[in-house]
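Fold and contact review
So the chains spell out like this:
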Amino acid sequence: MLSLVIPTFNEAESLPLLLPRIAQVLRDIPHEVIVVDDDSPDGTWRKAEELKKTYPRLIVIRRKDERGLSSAVIAGFKAARGEVLAVMDADGQHDTELLRQLYETVRARRGIAVASRYIPGGGTGQWKRSRTLMSRGVTRAVTMFCQLKVHDPMSGFFAMDRSLFERIAPSLPRLRGFKVLFDLLMRVPTGTPLAEVPYTFTPRMAGRSKLSIKVQWDFGCSLIALFLERWSRAAWAFFLILLIGLTCLLSIRAWNLRLLVTDAAVRARTSEAFRSLSKTDGWLTSDLLLRKVDPERLELLYAPHDRSGTNERCIRVRLDYFGWYPCDAS
Amino acid sequence: MRRFVSPFFGLILLALVLVVLQNFAGLSTDEAKFLLNIPYPHPPLLRWLMGLTFWMPGQALFWRVVFATALLQAAWIVMALLPEKKRSEREILGWLWVLSASVLILSGQILMAPVAALQALVFCWLLLRGENLEAHVGWIALLWLASLFTAYQALLFLPIVVSVFWRLRLSAWQRLLCIVGPVALLALYSLTNPLAIASMIAASGQNAHAGTLFDAVREVTGLWMLGGSVVMSVLGVIGMLAARRWPLILSFLLTAVFILVSYRPYYCILFTPLLLAGVASAPLLLKRSRLIIISTILSALILVPLGYRMVVPPFAQQIVDRAIEAGVPKGATMMIAGSFGHEWQYVSPYLVRRFIPEKISDARVLVCLADCPEVREKKAWKRLAGVQVEVWVRPIR
């Protein structure tokens, strides 16, 4: 059975136009249509309830406390009974004729079948050239960046095997934004069959687009969240490398300065040496970097912090009378 | 869309206004210290990054804008402390952050305390999140390491960090590595930088001799009030106690004790993320939203002018400009008699040294912040007229 999830928000006008098309295409396929509505102010859920009289295979979920396309799709998938799960928009921009092809592809190969705008035969329809270029550029970048094996990971029109969804579902965080396919693709096991079917975007049947800056912000946030998740192992490795590397580097310096901790007399003489350098040469303590301490002398780097361009130099200071000489002096 | 875009640009605008005010107040010695990457009192991460931009014209202004923007835009993280709540309640929380006197006073100042507060805010966010964070353990560990290597004050938030790592399903050694590893590394770093330890000891002793315990407690109370603009100060403590958020309570107490022994006015911001997380822990406190916002605005209006830092007179810059005009070449030595701050090093194209009468022949500029009679007898030296302090130059002819 095919379970088709249609997430809606203010689509009361579109739904009565879309459902007959779906019923026509899926007439000989066992199916259910699940409308998940985010408590639309235009009463989409009420309209859908009314349509149940005409379409008995229609299930309506009205969400009052939650919003967002991705989470609506997941809610629909969880309520679905079919072995193939599919998603499409309610606005009629997705070609219903492809539902059968997506269903059959998933039935035959398992995995995920994506209706793609960016493979030969597909397209963005009547989009402005600038919008197409922008969308294609972002899609290409995301695909490369996340090493995805489909050409349109941000398509909202796809079908997937139920058992695959059940495997991924526990690892799904609370999803935000509207690129649910992208979120799923980032979590599919290696070797999952992925197929693409070309399609061309068509204009809306009714209603208004929900593509806003807020939606794009949510996508940006989910992209960052996924990036962090995907590179978490690398972050852990980097943390360990930093911890070990810095420990080694700092241990060498700490060893060179160990007498400051273990020998109170050397500590006191060092403190006096700093005061003496300040009194006799006028050097600022903040410009002196202690590199090495032994019972007879200190090794310091004199590195002025200012805009004078004075070169830093290494000096050694005798701890008996606080006289100093350059490190390279014989 | 407007609900999202307007606050975003509104906060940027507010950040720019506060930057202008801070820029007008001038460069403090602490700010100069960080911009110059002076190797104390804090660990090196952020000051090293700032030091990399030393060549940049307008370096201070750049970092003021970065710090102010980051501090104010953190309102979005604040709103994320209550993901399950209505937008209106989350917005109140955001307003409490933005209207906190500490945030308004410190936005645009180049200090480590606001950065430590931001890092603490992220840890509070992780503490209050109900989701599993196992997938992000590497990032959280890196954040903890980075926080400690930005400012020692990150240690004040150790109870929160421990609680965050404790909640994760990690093996015992992983947990130990994540929590103790960075702290041990910081201790090792401190051993390699005796100046940092010396400056910390000096700073901690400062308040111990400042007055009575009562005075010190009064100062801490004052900073607590600034940290939450009174309203959040009270609600935050009630919230963390009511919700029994022990990590927050412990961090709050640690911060209070730290300020008690080592008072600095800008430490008020260390309270702010804790108080905010306290309010978020008991969101019922946000019910009377209008009253909360109005009283917070009123408190901020009174507290912000009181807590705003004094204008630093641009002495150093004026004197350096005059010395250049008088023909002292860049790269020459400038000696300063008396006590002076790092801003002299920051603005000066000269090698800055303390005044040593015997070494006067090395210098070409002498600034007498204390009495320096030795120079008055020297014929080659000329006194600069029209500057607020006694300045002598020995230009090259």
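What you see is a predicted model, and the numbers here were worked out from it, not measured in a lab.

**A short note on the overall build of chain A**
Across its full length, chain A holds eleven helices and eleven strands. Relative to its length of 330 residues, chain A is extended, with a C-alpha radius of gyration of 33 Å against a globular reference of 20 Å. Principal-axis analysis of the C-alpha atoms places the extent of chain A at approximately 100 × 40 × 40 Å. Per-residue burial over chain A gives 36% buried out of 330 residues. Summarising the internal contacts of chain A: among those between residues at least 6 apart in sequence, 71% fall at separations of at least 24.

**With respect to the sheet that holds strand S2 (residues 351–354) of chain B**
Residues and elements named next belong to chain B. Judged by pairing direction, the sheet is mixed, and its five strands sit side by side in the order S2-S1-S3-S5-S4 without closing on themselves. In this open sheet, the two strands that pair with only one neighbour each are S2 and strand S4 (382–383). Note: strand S3 (residues 365–368) against strand S5 (residues 390–393), four bridges, orientation antiparallel. In the strand pairing of S5, Val-365 is matched with Val-393.

**Points about the domain arrangement of chain B**
All names here are of chain B. Domain assignment breaks chain B into domain 1 (2–307) and domain 2 (315–393). The C-alpha centroid of domain 2 is placed 39 Å from the C-alpha centroid of domain 1. The partner domain 2 presents five residues to the seven residues of domain 1 that form the contact. Of the residues belonging to the side of domain 1 that touches domain 2, the class tally is five nonpolar, one polar and one charged.

**A closer look at the interface of chain A and chain B**
Taken together, the contact between chain A and chain B spans 42 residues of the former and 37 residues of the latter. When residues of the side of chain A that touches chain B are traced back to their parent elements, those giving at least two are helix H8 (213–230), helix H9 (232–256), helix H10 (259–262), helix H11 (264–281) and strand S8 (288–293) of chain A. Among the elements that line the side of chain A that touches chain B, the one with the most residues is H9 of chain A, at 14 residues. Residue composition of the side of chain A that touches chain B, by class: 21 nonpolar, 13 polar and eight charged.

**Side note on the packing of helix H6 (residues 87–98) of chain B against helix H17 (residues 289–307) of chain B**
Residue and element names in this part refer to chain B. Close contact between H6 and H17 brings their axes to 10 Å; oriented N to C, the two are set at 15°. Classified by the angle their axes make, H6 and H17 are roughly parallel. Every pair of crossing elements has a handedness; the one defined by H6 and H17 is left-handed. For the pair H6 and H17, contact is made by Ser-88, Ile-92, Trp-95 and Leu-96 and by Ser-289, Ile-292, Ile-293 and Thr-296, respectively. Considering only residue class, the contact of H6 with H17 consists of five nonpolar, three polar and no charged.

**Digging into the domain arrangement of chain A**
Domains assigned within chain A are domain 1 (2–230) and domain 2 (259–326). Its C-alpha centre places domain 1 of chain A at a distance of 68 Å from the equivalent point of domain 2 of chain A.

**Comments concerning the pairing of strand S6 (residues 158–161) of chain A**
Residues and elements named next belong to chain A. Burial along S6 is two-sided: Phe-158 and Met-160 and Ala-159 and Asp-161, pointing in opposite directions, are all buried. Here strand S4 (residues 84–87) pairs with S6 via four bridges, running antiparallel. Note on S6: the bridge partner recorded for Ala-86 is Ala-159. Bridge count for strand S5 (residues 112–116) against S6 is three bridges, and the pairing is antiparallel. Residue Ile-112 lies in a different strand from S6, and its bridge partner there is Met-160.

**Topic: helix H8 (residues 112–128) of chain B**
What sets the pattern is the α-helix's 3.6 residues per turn: residues three or four places apart point alike. Taking 1.5 Å as the rise per residue, H8 of chain B with 17 residues should run 24 Å; its terminal C-alpha atoms sit 24 Å apart, in good agreement. Counting buried positions over the 17 residues of H8 of chain B gives 15, a clear majority of the element.

**Thoughts on helix H13 (residues 213–228) of chain B**
The first and last C-alpha atoms of H13 of chain B sit 23 Å apart over 16 residues, in line with the 22 Å expected at 1.5 Å per residue. Listed in full, the buried residues belonging to H13 of chain B are Val-220, Leu-223, Trp-224, Met-225, Leu-226, Gly-227 and Gly-228 of chain B.

**Points about unusual backbone geometry**
The omega torsion of the bond from Tyr-40 of chain B to Pro-41 of chain B falls at 0°, within 30 degrees of zero and hence cis. Locating Pro-41 of chain B in the fold gives a position in the loop between helix H2 (29–35) and helix H3 (45–51). Positioned with a positive phi, Phe-322 of chain A is a non-glycine residue whose angle comes to about 65°. On the secondary structure map, Phe-322 of chain A appears in the loop between strand S10 (313–318) and strand S11 (324–326). Non-glycine residue Arg-244 of chain B carries a positive phi angle of around 50°.

**Focus on the environment of Ala-48 of chain A**
Following the sequence through the fold, Ala-48 of chain A ends up in helix H2 (residues 44–51). With 19 residues separating them along the chain, Ala-48 of chain A and Ile-29 of chain A place their C-alpha atoms 21 Å apart.

**Focus: the pairing of S5 of chain A**
Residues and elements named next belong to chain A. Summarising burial for S5: five of the five residues are buried, a large majority. Residues Ile-112, Val-114 and Ser-116 point to one face of S5 and Ala-113 and Ala-115 to the other, with burial holding for every one of them. As paired strands, S5 and strand S7 (residues 194–198) are joined by five bridges and run parallel to one another. Paired with Ile-112 across the bridge in S7 is Leu-194.

**Quick word on the confidence of the model for chain B**
Per-residue pLDDT for chain B has a mean of 90; in total, 96% of the residues score no lower than 70. Prediction confidence for the complex, expressed as pTM and ipTM, is 0.81 and 0.87 respectively.

**Observations concerning the packing of helix H15 (residues 246–261) of chain B against helix H16 (residues 272–281) of chain B**
All names here are of chain B. Contact geometry of H15 with H16 gives a least axis separation of 10 Å together with a crossing angle of 155°. In terms of axis orientation, H15 runs roughly antiparallel to H16. Classified by chirality, the crossing of H16 by H15 is left-handed. Here Leu-248, Ser-251, Phe-252 and Thr-255 of H15 lie close against H16, whose contacting residues are Leu-274, Ala-277, Gly-278 and Ser-281.

**Describing the sheet that holds S6 of chain A**
Residue and element names in this part refer to chain A. Spatial ordering of the open sheet is given by S3-S2-S1-S4-S6-S5-S7, a layout of seven strands whose pairing is mixed. The strands lining the two open edges of the sheet, one partner per strand, are strand S3 (58–62) and S7. Going across the sheet, the axis of each strand differs from the next one's by a mean of 20°, ignoring polarity. With respect to the sheet, helix H3 (residues 69–79) is in contact with strand S1 (2–8), strand S2 (31–37), S3 and S4, its orientation differing from that of S1 by roughly 150°.

How each quantity is defined
Residues numbered from 1 in each chain as written. Chains lettered and ligands numbered in written order. Predicted model: local features only at pLDDT ≥ 70, side-chain atom pairs only at ≥ 80, totals over all residues. Helix = DSSP H or I, 4+ residues; strand = E, 2+ residues; numbered from the N terminus. Rg over C-alpha atoms; globule rule 2.2 N^0.38 Å. Buried ≥ 20, exposed ≤ 12 C-beta atoms within 10 Å, placed from the backbone. Contact = placed C-beta atoms within 7 Å. Pairing = 2+ DSSP bridges. Domains from an automatic or database assignment. Nonpolar A, V, L, I, M, F, W, Y, C, P; charged D, E, K, R; others polar. Axes fitted to C-alpha atoms, helices over the stretch in contact; angles between N-to-C directions. Parallel < 35°, antiparallel > 145°, perpendicular 65-115°, else oblique. Left-handed = near helix turned anticlockwise from the far one by under 90°. Expected span 1.5 Å × (residues − 1). pLDDT = per-residue confidence, 0-100.

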